[in-house]
Amino acid sequence: MIDISRVQKELQDCEKDRDSSGIRVCPKSDNLTRLTGTIPGPIGTPYEGGTFQIDITIPEGYPFEPPKMQFSTKVWHPNISSQSGAICLDVLKDQWSPALTLKTALVSVQALLSAPEPKDPQDAVVAEQYMKNYQVFVSTARYWTQTFAKNSSLEDKVKRLVEMGFGDAQVRSAIESSGGDENLALEKLCSG
Amino acid sequence: MESGEEDGYYYTSDQESLDGLDHDQSNLQPLSSTVNSAKVITKESLLAAQREDLRRVMELLSLKEHHARTLLIHHRWDVEKLFAVLVEKGKDFLFSRAGLTLVQDHPTFSPSSMMSCDICVDDVAGHLMTRMDCGHCFCNNCWARHFAVMINEGKSKRIRCMAYKCNAICDEDVVRSLVSKTQPDLAHKFDRFLIESYVEDNKMVKWCPSTPHCGNAIRVEDDELCEVECSCGFQFCFSCSYQAHSPCSCSMWELWRKKCHDESETVNWITVHTKPCPKCYKPVEKNGGCNLVTCLCGQSFCWLCGEATGRDHTWSSISGHSCGRYQEDKEKQLERAKRDLYRYMHYHNRYKAHIDSSKLEDRLSDTILEKVSILERRQLQLKDFSWVTNGLHRLFRSRRVLSYSYPFAFYMFGEELFKDEMSAEEREIKQNLFEDQQQQLEANVEKLSQFLEEPFDQFADDKVVQIRIQVINLSVAVDTLCKKMYECIENDLLGSLQLGIHNIAPYRSNGIERASNFISSREAAGEKRQPPNSGWNSEDTSCSSRKRPRREGVYRNNQTTLLDLNLPADVIERK
């Protein structure tokens, strides 16, 4: 049994200072078990300017068990899986405390973006690049932010896909049928 | 050389020297200081057993019982270590590390006023809130749900406060009272976890590994490297909790066991999907996340190589692990596999043969004892038949040594463990030395078995006397040979190794130590005036004159078992 009132209260609190924090939490379903969190990429990092979406699942035992969080926006970071978006963060595991909230957890995730922990990696490839070739890491992370975490206009998306060699009409219909998701549209175009 | 040595063991048929024999036999008992005094702790005495440790800590630090328990759980019931920390680092350090906070003066709140609980964000009346010793205050409902989650996750022993980054361990009385209001079952579970911590977290206490579980635990005093027998009759190695396996070392036995069960699906699954925790050795399944895995017992380890790590395990040290490097040529491996298989079959067949023999002999023990009662009814010159039971026991004991000597030899002289430890010549010399001893032991064990199987109950007086001499002589010879084999293994074979830690439980002539029932000091004091409880066959020994009263508080298991030895009292005393 989920403590609905607490989750609702958390959503209200989060909404109150969304302008100052930039962090948002929106319900995906009516029963408040699945939510979407949004965090801005921290300024002064390769993630600056991006907006990152995080899938949140509220477990039965919330807030006595930690919420499950996973990036749905692709991100290049040593502690976040570049494949699945899984996050390696202690407060989401054994350091969780019922006194924490979805917002504080998202703040921790945001802090993780500014301060990677390559010594405790989730994604070994990214971590190795971070350790051995920091400059390449920064440019890859920035490129991923540009590509996946930017809300670009429809015309920008069309332009980019047309540049790849697809027809204008074909591109527009693909974008429309994938709900504006550029990557999904690209997949559709490629699979014909 | 062989016959010369044998002459040394054998005695003439002269009656005087035979009487002297029993005394000599007692001198063969190991006199080393490693003799343990193991105790059986039953479900009923589990609480009493930990009381002594709790009381020591409570008295020294003037603490309540649950605070003492928190400290002891944190220090894995090692009272000496706990006291050492106290002396070196002081009381505050000791307490804060264990998450123990003693009540300070926190602002009191009126029970009728409404307060807000930070967890459920509801307003709750003051009397429905609880403040922990650390000062954090939340509503009873939230505390109870937090406790329930922790207990169900198996974290009963260290339930931390709900506040973020608060290291304090919740007061067990609060946990118990809040949980039992809504979920009495869970409160019982919590209590059981706390009480069983004395076994689970204590390196000197282990559950008897019998299946189905007899419910007992065994506590040893100083040496963890020993073999014990639980009051349920199960004999096991205290170090690794598997059946007694000396002279095989624990790691050899572990390898051998796995090798023998290779085909089992479960074992396959476990090897593929789990890794043993380097601290508590329980298989851990990785359920996602990074390669830094934390076992329920609190130990972190590297999933890639299975080595223990601290919290500060670094990525660079993961990439430094040699576990990622492929070391051998596949071709060569295949070729070797075939040779290895034949080698394994050789040792396994012999190991199995002795295990099978011992099973057959086990069944024979009833008929042999039947023969004794027939002899007793006949009016023979000879009145004492303890040599039969002694011989039988010696047979069982040495069969077991023989069977486990094969897996030992498999690993000792194989390439798996000590490839770089010995040169080929050295290995050959050592192998010959060992195999000679093994062979001698084998021959004598078979002879002993043969004599005990003879229908001596039908024999005439003089022939019975002859059999008796043979059995007694062979018993002594076999005992000496077993002892020599252990010494050879300990000193000449394992003792000279540089790498790896292979230790074997010491040989005990009188068999694996049978743990005695735990009696708390209070109970023992009450029993002082009662006569010592003696074993079932203490009457008809040839050395009753040597018996002395047993130590107080240690009383023998009164179980009627076939294999009890007629030990002189001083041996029991030394235990």
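Everything discussed here concerns the structure shown above.
For the structure given in this document, a descriptive report is provided here. (Residues numbered from 1 in each chain as written. Chains lettered and ligands numbered in written order. Predicted model: local features only at pLDDT ≥ 70, side-chain atom pairs only at ≥ 80, totals over all residues. Heavy atoms only, no water.)

1. Examining the overall build of chain A
Looking only at helices and strands, one finds 8 helices and 4 strands in chain A. Along chain A, helices and strands appear, N-terminal first, in the series α-α-β-β-β-β-α-α-α-α-α-α. Across the 192 residues of chain A, 45% fall into the buried class. Considering only contacts in chain A between residues 6 or more positions apart, those separated by 24 or more positions represent 50%. Carbon and sulfur atoms make up 51% of the accessible area of chain A, which totals about 9600 Å². (Helix = DSSP H or I, 4+ residues; strand = E, 2+ residues; numbered from the N terminus. Buried < 20%, exposed > 50% of the residue type's maximum accessible area, 1.4 Å probe, protein only. Contact = heavy atoms within 4.5 Å. Areas by Shrake-Rupley, 256 points an atom, 1.4 Å probe, with all protein chains shown as cover.)

2. Considerations on the interface of chain B and chain A
Taken together, the contacts link 21 residues of chain B with 28 residues of chain A. Here chain B meets chain A over a buried area of about 2000 Å², counting both sides, of which 60% is carbon and sulfur. Here chain B is connected to chain A by 3 residue pairs in polar contact (both at pLDDT 80 or more). Here the residues of the side of chain B that touches chain A sort into 11 nonpolar, 4 polar and 6 charged. (Buried area = accessible area lost by both parts, 1.4 Å probe. Polar contact = N/O pair within 3.5 Å; in protein donor to acceptor, adjacent residues only side chain to side chain. Nonpolar A, V, L, I, M, F, W, Y, C, P; charged D, E, K, R; others polar.)

3. As for the nonpolar core
Residue and element names in this part refer to chain B. Val57, Leu61, Leu71, Cys117, Trp143 and Phe147 are the most contacted members of the largest nonpolar core, which totals 58 residues. Broken down by secondary-structure element, the contributors of at least two residues to this core are α3 (46-61), α4 (65-74), α5 (79-89), α6 (91-98), β5 (137-139), α7 (140-152), α8 (172-182) and α9 (184-200). Residues within four places of Val57 in sequence aside, it is in contact with Ser62, Leu63, Ala68, Leu71, Leu72, Val79, Leu82 and Phe83. Ranked by size, the runner-up nonpolar core spans 56 residues in total, among them Ile368, Leu380, Phe459 and Val478. (Core = buried A, V, L, I, M, F, W, Y, C linked by side-chain atoms within 4.5 Å.)

4. Digging into helix α4 (residues 124-132) of chain A
Residues and elements named next belong to chain A. Every buried residue of α4 is listed here: Val126, Ala127, Gln129 and Tyr130. For α4, the arc enclosing every buried residue in end-on projection is 165°, short of the 170-degree limit, so these residues lie on one face. In α4, the exposed positions that point more than 90 degrees away from the buried face belong to Val125 and Lys132. In this structure, the buried residues of α4 make contact with α5 (134-148). Looking at where α4 begins, the residue whose side-chain oxygen comes 3.2 Å from the main-chain nitrogen of Val125 is Asp123. (Arc of directions from axis to C-beta.)

5. Some details on the packing of helix α7 (residues 168-177) of chain A against helix α8 (residues 182-191) of chain A
Two quantities define a packed helix pair, namely the angle between the helix axes and the distance between the axes. Residue and element names in this part refer to chain A. Axis separation between α7 and α8 bottoms out at 8 Å; the angle between their running directions is 125°. The angle between α7 and α8 falls in the class oblique. Where α7 crosses over α8, the two elements pack in a sense that is right-handed. Contacts from Gln170, Val171, Ala174, Ile175 and Ser177 of α7 reach α8 at Ala185, Lys188 and Leu189. Class assignment of the residues belonging to the contact of α7 with α8 gives a composition of 5 nonpolar, 2 polar and 1 charged. (Axes fitted to C-alpha atoms, helices over the stretch in contact; angles between N-to-C directions. Parallel < 35°, antiparallel > 145°, perpendicular 65-115°, else oblique. Left-handed = near helix turned anticlockwise from the far one by under 90°.)

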